[in-house]
Amino acid sequence: MVQPFTKLCCPLNCGSALVLDGKTWRCENGHSFDVAKQGYVNLLPVQNKRSKDPGDSKAMVQARAEFLASGFYQPLAEALTRVVLQQQPKSILDAGCGEGYYLRQILDAAQTSGLNIDLVALDISKWAVQAAARSDKRATWLVASNNQIPIAAGSIDALLCVFGFPVEAEFARVLAPNGRLIMVDPAENHLIELKQVIYTDVKAKPYQLPITGASWQLTSEQRVTFTVTLPSNQAVRDLLVMTPHLYRASSEGRSRAEALSELTVTVDVWLREFVNCD
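Attention in this report is confined to the structure presented alongside it. The model shown is predicted, which means the values in this text are computed figures rather than measured ones.

With respect to the sheet that holds strand β2 (residues 19-21)
In spatial order, the strands read β2-β3-β4; together these 3 strands make up an open sheet with antiparallel pairing. What marks the edges here is a single partner per strand, and that holds for β2 and β4 (32-34). Across the sheet, the mean angle from the axis of one strand to that of its neighbour is 30 degrees, orientation sign disregarded. In this structure, strand β3 (residues 24-26) lies alongside β4, joined through 3 bridges in antiparallel fashion. Residue pairing for β4: tryptophan 25 is matched across the bridge by phenylalanine 33.

What follows is the structure in structure tokens.
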């Protein structure tokens, strides 16, 4: 059975366990956090925000949702699902879940296999978490930061970080003994064709591991590479808007991409598993 995760901690300085009371999460020190109508809870205190509206914008979330719903990254979702479920984890955290595309596919496969899993997902973007919570009620959805994960120590068997920002100390804290950190990161040729359109000089991305702490051990690594054809101007625009290249490219580069009626791109990523040996 797939069900929401309940081992949450107060994001304020007390760090006490949170208990769900109706539609409100409460700690023993009187702090309370209401579940929003969409089904998520905001555990990102104002004092921990670096901007008024951190994370992906509403436009970025919508573009990513439409792009992924078209199935362009389906081979990646299937490869990730196989890796995540191969050891039948009892609890999963998606740290940087976005609008929930990858986690929904993992949940579907887990239910089909009859696995018992507790699910929790977080993102710093309230727009992403709102979209994720609206579309699926099987997980506990949190607005929160990887810098301060409001989850009990040692409570997660499989931690996902898909195109995200790892915080090694926090990841190690929440992982159970022998828990796995599963990461997806761009490889050398990821979206190379889009880069060639928007940049005048495309530099090769060197091979490097996304985490560097001596306590982490790389236990498996595979390169997932395939090509997809974006058949419309809207699909090309959605891809541009959902990536950091929207802000890195010049206005001329963005204009060149936005003028395309179709584009074939290479999806080229590393899918890796780590364990923490401390």
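That covers the picture; the talk isn't over yet.
Concerning a nonpolar patch on the surface
A surface patch of nonpolar side chains, amounting to about 250 Å² of accessible area, comprises Tyr207, Leu209 and Leu218. As for its placement among the helices and strands, tyrosine 207 is situated in the loop between α6 (192-198) and β11 (216-230).

Structural notes on the pairing of strand β8 (residues 140-143)
Where burial is concerned, the two faces of β8 agree: the one with Thr140 and Leu142 and the one with Trp141 and Val143 are both buried. The pairing of strand β5 (residues 40-42) with β8 spans 3 bridges and is parallel. Paired with tyrosine 40 across the strands is tryptophan 141, a residue of β8. Here strand β7 (residues 117-123) pairs with β8 via 4 bridges, running parallel. The residue bridging aspartate 123 from the neighbouring strand is valine 143, located in β8. This β-α-β element, β7 to helix α4 (residues 126-135) to β8, shows right-handed connectivity.

Procedures and definitions
- Residues numbered from 1 in each chain as written.
- Predicted model: local features only at pLDDT ≥ 70, side-chain atom pairs only at ≥ 80, totals over all residues.
- Heavy atoms only, no water.
- Pairing = 2+ DSSP bridges.
- Helix = DSSP H or I, 4+ residues; strand = E, 2+ residues; numbered from the N terminus.
- Axes fitted to C-alpha atoms, helices over the stretch in contact; angles between N-to-C directions.
- Patch = residues over 30% accessible without salt bridge, like charges linked within 9 Å, V, L, I, M, F, W, Y side chains within 5 Å.
- Areas by Shrake-Rupley, 256 points an atom, 1.4 Å probe, with all protein chains shown as cover.
- Salt bridge = Lys/Arg side-chain N within 4 Å of Asp/Glu carboxyl O.
- Buried < 20%, exposed > 50% of the residue type's maximum accessible area, 1.4 Å probe, protein only.
- Right-handed = clockwise from strand over helix to strand, strands pointing away.

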